[in-house]
Amino acid sequence: MNTINIEASEIDALIDSIEFSLVCDKYGTWHIVDLEGEVCFSSCTESEAILEIETNYITPEQMEAVRIQHEVWAQIDAEDRANRALSCDHYAGF
């Protein structure tokens, strides 16, 4: 696997250049939808839709930028939950 080097300053631009969304409807069908709202691909499984995205809709650099963004959001979320737990403990008299 090739290493993809992305500067932090490039992440937002790479994500903004993605021209589709992955959505799940109320029936559990996954759709790749372009910026005009047209369905480009549909699948019964999320994994199949993601494979289609990786194969035909996104560059490796865009995919890496999304992965990095998700990691950052997960870290922020974890820190936020930990801080709330500490605040609850403090107010509970612990």
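Above this note sits the structure.
Being a predicted model, the structure only gives us computed values, none of them experimental.

Visitor: How do you make sense of the overall build of the protein when you look at a structure like this?
Guide: The number of helices and strands found in the protein is 3 helices and 3 strands. Starting at the N terminus, the α and β elements of the protein follow one another as α-β-β-β-α-α. For 94 residues, the compact-globule formula gives about 12 Å, and the C-alpha radius of gyration of the protein, at 18 Å, lies well above that figure. Here the contacts in the protein between residues at least 6 apart in sequence split such that 34% fall between residues at least 24 apart. Roughly 7200 Å² of accessible area belongs to the protein as shown, and the carbon and sulfur atoms make up 54% of that amount. For the protein, the centre of its 4 positive side-chain charges and the centre of its 20 negative side-chain charges are spaced 12 Å apart.

Visitor: Just to check I follow, could you spell out the nonpolar core for this structure?
Guide: Soluble globular proteins tend to pack their nonpolar side chains together in the buried interior. In this structure, Ile-18, Phe-20, Trp-30, Ile-32, Phe-41, Ala-49, Ile-53 and Ile-58 together form the largest nonpolar core, which totals 8 residues. For Phe-41, the contacting residues outside a window of four places in its chain are Trp-30, His-31, Ile-32, Glu-48, Ala-49, Glu-52 and Tyr-57. If you look at the next biggest cluster of nonpolar residues, it comprises 5 residues, including Ile-6, Leu-14, Ile-15 and Ala-65.

The rules behind the values
Residues numbered from 1 in each chain as written. Predicted model: local features only at pLDDT ≥ 70, side-chain atom pairs only at ≥ 80, totals over all residues. Heavy atoms only, no water. Helix = DSSP H or I, 4+ residues; strand = E, 2+ residues; numbered from the N terminus. Rg over C-alpha atoms; globule rule 2.2 N^0.38 Å. Contact = heavy atoms within 4.5 Å. Areas by Shrake-Rupley, 256 points an atom, 1.4 Å probe, with all protein chains shown as cover. Lys, Arg positive; Asp, Glu negative; His and termini not counted. Charge placed at Lys NZ, Arg CZ, Asp CG, Glu CD. Core = buried A, V, L, I, M, F, W, Y, C linked by side-chain atoms within 4.5 Å. Buried < 20%, exposed > 50% of the residue type's maximum accessible area, 1.4 Å probe, protein only.

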